[in-house]
Amino acid sequence: MSEVMIRAEGLGMRFDLGLERGFSLKEGFVELLSPSRRRRRRREDFWALREIDLTVRAGEVVGLVGGNGAGKSTLLKLVAGVYKPTRGRVSVHGSVCPMIELGAGFDPNLTARENIFLNGAVMGYDRAFLLRRFDEIVDFSGLEAFLDVPVKNFSSGMTARLAFSVATLVEPEVLIVDEILAVGDLSFQRKSEEKMLSMINGGTTVLYVSHSLESVRKLCSRALWLERGRLRQEGSAAEVCKAYLASLEERAV
């Protein structure tokens, strides 16, 4: 049996919406200086995920489907280590490439050229390696004419194309993907999908979120359907996507 690359047990993630919505640094400073003005804040707990168990083995491509707010991106961020779970535990083995919120690590005041080296350094690549692969990154992104333009002047699609080109420079053992195949124009979307398929065929383990059921069926061997933070169904990608689509159609009637 193949090695387990991702394992989550009893995973739960809670956010305090009272803190998220009703507290600011300014308010905290005022309360610190004037204790008499200190107000009682009502706690509003929101469980983005509850009791999620997940096992992904080496070479598997597992898709996550569900509506907005179902907990898909939260689960990816827990697996990627962006969040620490409120309950349960998650473990990941092997080198990980999280493609979540592409371009979030860019400095908008730096040029595309400078951000390639900055983002590459953050991902652990040294300058010599990035210099050797620089032309490959630029060629894949299709942004040769914009290398010395500050990223703040880029469209969101251009930024995502650059980030994707750096993120997929080396094929990791575990790839965590959130809606990246919809970036850029149609030509780049096809290149992105071909790159993903190349990584999958090379044995990369993938945890993939998309609202495109077609891409989930095409790329994934297995899928999980999340609804309101809970696992509603798990099975083959075809079965889960069919059940989820039927649910959407039923609600639309």
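Note that the structure is a prediction, hence the values are computed from the model and not measured.

Rules used throughout
Residues numbered from 1 in each chain as written. Predicted model: local features only at pLDDT ≥ 70, side-chain atom pairs only at ≥ 80, totals over all residues. Heavy atoms only, no water. Helix = DSSP H or I, 4+ residues; strand = E, 2+ residues; numbered from the N terminus. Buried < 20%, exposed > 50% of the residue type's maximum accessible area, 1.4 Å probe, protein only. Contact = heavy atoms within 4.5 Å. Areas by Shrake-Rupley, 256 points an atom, 1.4 Å probe, with all protein chains shown as cover. Axes fitted to C-alpha atoms, helices over the stretch in contact; angles between N-to-C directions. Parallel < 35°, antiparallel > 145°, perpendicular 65-115°, else oblique. Left-handed = near helix turned anticlockwise from the far one by under 90°. Nonpolar A, V, L, I, M, F, W, Y, C, P; charged D, E, K, R; others polar. Patch = residues over 30% accessible without salt bridge, like charges linked within 9 Å, V, L, I, M, F, W, Y side chains within 5 Å. Salt bridge = Lys/Arg side-chain N within 4 Å of Asp/Glu carboxyl O. Lys, Arg positive; Asp, Glu negative; His and termini not counted. Charge placed at Lys NZ, Arg CZ, Asp CG, Glu CD. Pairing = 2+ DSSP bridges.

(A) Summary view of the overall build of the protein. The secondary structure content of the protein amounts to 9 helices and 9 strands. A total of 253 residues make up the protein; the buried ones form 43% of that total. Residue pairs in contact within the protein that sit at least 24 positions apart in sequence constitute 71% of those at least 6 positions apart. Carbon and sulfur atoms make up 49% of the accessible area of the protein, which amounts to about 13,700 Å² in all.

(B) Main features of the packing of helix H5 (residues 127-141) against helix H6 (residues 156-167). At a minimum axis distance of 9 Å, the contact between H5 and H6 shows a crossing angle of 140°. Taken as axis vectors, H5 and H6 run oblique relative to one another. At the point where H5 passes H6, the crossing takes the right-handed sense. On H6, the residues touching Ile137, Phe140 and Ser141 of H5 are Arg161, Leu162, Phe164, Ser165 and Val166. Looking at the contact of H5 with H6 residue by residue, the classes come out as 5 nonpolar, 2 polar and 1 charged.

(C) Summary view of unusual backbone geometry. A positive phi angle is found at Glu51, which is not glycine, with a value near 50°. Its location among the elements puts Glu51 in strand S2 (residues 45-57). A residue is classified by how much of its surface remains accessible, and Glu51, at 52% relative accessible area, is exposed. Not every positive phi belongs to a glycine, and Arg228 is a case in point at roughly 50°. Position of Arg228 among the secondary structure elements: in the loop between strand S8 (222-227) and strand S9 (230-236). Assessed through its relative accessible area of 76%, Arg228 is described here as exposed.

(D) Structural detail: a positive patch on the surface. Residues Arg14, Arg50, Arg87 and Arg230 make up a contiguous surface patch of positive charge. With respect to the helices, strands and loops of the structure, Arg50 is situated in strand S2. We classify Arg50 as partly exposed; its relative accessible area is 31%.

(E) Region of the structure containing the sheet that holds strand S7 (residues 205-209). Spatially, the 6 strands line up as an open sheet ordered S5-S6-S7-S3-S8-S9, and their pairing is mixed. The sheet is open, and its two edges are formed by strand S5 (96-99) and S9, each paired on a single side. Strand after strand, the sheet turns through a mean of 15° between neighbouring axes, direction not considered. For S5 and strand S6 (residues 174-178), the ladder comprises 4 bridges, and the chain directions are parallel. Opposite Met99, over in S6, you have Val177 as the bridge partner. The sheet contacts of helix H3 (residues 72-80) involve strand S3 (61-65), S5, S6, S7 and S8, and relative to S6 the element is tilted by about 150°.

(F) Seen up close, the sheet that holds strand S4 (residues 87-92). Spatially, S2-S1-S4 is the arrangement adopted by the 3 strands of the open sheet, whose pairing is antiparallel. Strands at the two margins of the open sheet, each flanked by one partner only, are S2 and S4. For this sheet, the mean angle separating the axes of adjacent strands, direction not counted, is 20°. Pairing of strand S1 (residues 4-16) with S2, which is carried by 9 bridges, proceeds in the antiparallel orientation. Within S2, the position partnered with Arg14 by the bridge is Trp47.

(G) Representation of the pattern of salt bridges in the model. Here the structure, examined in full by the defined rule, presents 8 salt bridges. Between Arg113 and Asp148 there is a salt bridge, and its shortest N-O distance comes to 3.0 Å. Here Asp148 lies in the loop between H5 and H6 and Arg113 lies in helix H4 (residues 112-122), a separation of 35 residues in the sequence. Of the residues examined, Asp148 reaches a relative accessible area of 53% and is grouped as exposed. The partner of Arg232 in a salt bridge is Glu227, and the shortest N-O contact between them spans 3.0 Å. Given the relative accessible area of 25%, Glu227 is considered partly exposed. Residues joined by salt bridges that share partners form a network here, namely Glu60, Arg222 and Glu234.

By themselves, these figures tell us nothing about what the structure is for.
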